[in-house]
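Listed below, chain by chain, are the residues.
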Amino acid sequence: VGLLYGRYEPHKDVPLGIKAVVAAIYEPKQKCTRSSVQLVDSEDWSRVDKVAAGLGLGAVGWIFTDLVPLDTSTGTVRHFRGNVDSHFLSADECIMAADLQAKHPNACRLSPEGHFGSKFVTVVVTGNAENRIHFEGYQVSNQCMALVSDDCLIPTRDAPELGYVKESNNEQYVPDVF
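Residues numbered from 1 in each chain as written. Predicted model: local features only at pLDDT ≥ 70, side-chain atom pairs only at ≥ 80, totals over all residues. Heavy atoms only, no water.

J.: Give me unusual backbone geometry: which residues, what numbers.
T.: With a phi close to 60°, Asn131 is a non-glycine residue in the positive phi region. Tracing the sequence through the fold places Asn131 in the loop between strand E8 (121-127) and strand E9 (133-138). One non-glycine residue with positive phi stands out, namely Asp151, at about 60°. Positionally, Asp151 belongs in the loop between helix H3 (142-149) and strand E10 (153-155). (Helix = DSSP H or I, 4+ residues; strand = E, 2+ residues; numbered from the N terminus.)

And the structure:
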């Protein structure tokens, strides 16, 4: 996993559009398993944020990959995501995207809290249907961010594409989500 540092600019081809322009990628300390990644908060991360701010940059997103070579002589890779037998993002990836988006809120002068939503992006480097390297960009909804912030959304272990909402208990009320 890498954190994308850059800035936001108006997107000239999209009315009211905004694009993230990436200038650098920082690979923070992380704990990895075969099916998940956990970012380790460290003093390094805050130092990188300070250096980036000094350069006029900020965190604009995160990037990860699932590339597996198919044929090294032709440079092809396996196609895992976005087909009828698979998913675009796993529940764990959606939860991590929601957590990172919530940590990078979008300033909004019209909101009573001073922020609304997030411009923070998720980029997956994966194989496409032609078995070529392909970049896909995503953002999760404000509802997903709220469910993750309130510790209500949980991934399933046997089906990575599915997640579920916790049941209410004596310590935490969780509304029904359909």
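That was the structure; now back to the text.
J.: Got a sec to walk through the nonpolar core? Specific residues and values, please.
T.: As a rule of thumb, soluble globular proteins bury nonpolar side chains together. Counting residues in hydrophobic clusters, the biggest one holds 23 residues, and the most contacted among them are Leu3, Tyr5, Leu39 and Trp62. For this core, the secondary structure elements donating two or more residues are strand E1 (2-11), helix H1 (43-54), strand E5 (58-65), helix H2 (91-103) and H3. By residue number, the principal contributor to this core is H2, which donates five residues. Contacts of Leu39, omitting those with residues within four sequence positions, involve Val1, Leu3, Pro28, Lys29, Gln30, Trp45, Met96 and Leu100. Grouped together as the second largest cluster of nonpolar side chains are five residues, Val60, Ile63, Val123 and Val125 included. (Core = buried A, V, L, I, M, F, W, Y, C linked by side-chain atoms within 4.5 Å. Buried < 20%, exposed > 50% of the residue type's maximum accessible area, 1.4 Å probe, protein only. Contact = heavy atoms within 4.5 Å.)

J.: Could you give me a rundown of the sheet that holds E5, with the residues and numbers involved?
T.: Taking strand neighbours across the sheet as the criterion, the five strands line up as E2-E1-E5-E8-E9 in an open arrangement whose pairing is mixed. Edge strands, defined here as strands with exactly one partner in the open sheet, are strand E2 (17-26) and E9. Within the sheet, the average angular offset between the axes of one strand and its neighbour, ignoring direction, is 35°. Taken strand by strand, H1 contacts E1 and E2, and its axis lies near 30° from that of E1. Along the sheet face, H2 touches E5 and E8 and points at about 170° away from the line of E5. (Pairing = 2+ DSSP bridges. Axes fitted to C-alpha atoms, helices over the stretch in contact; angles between N-to-C directions.)

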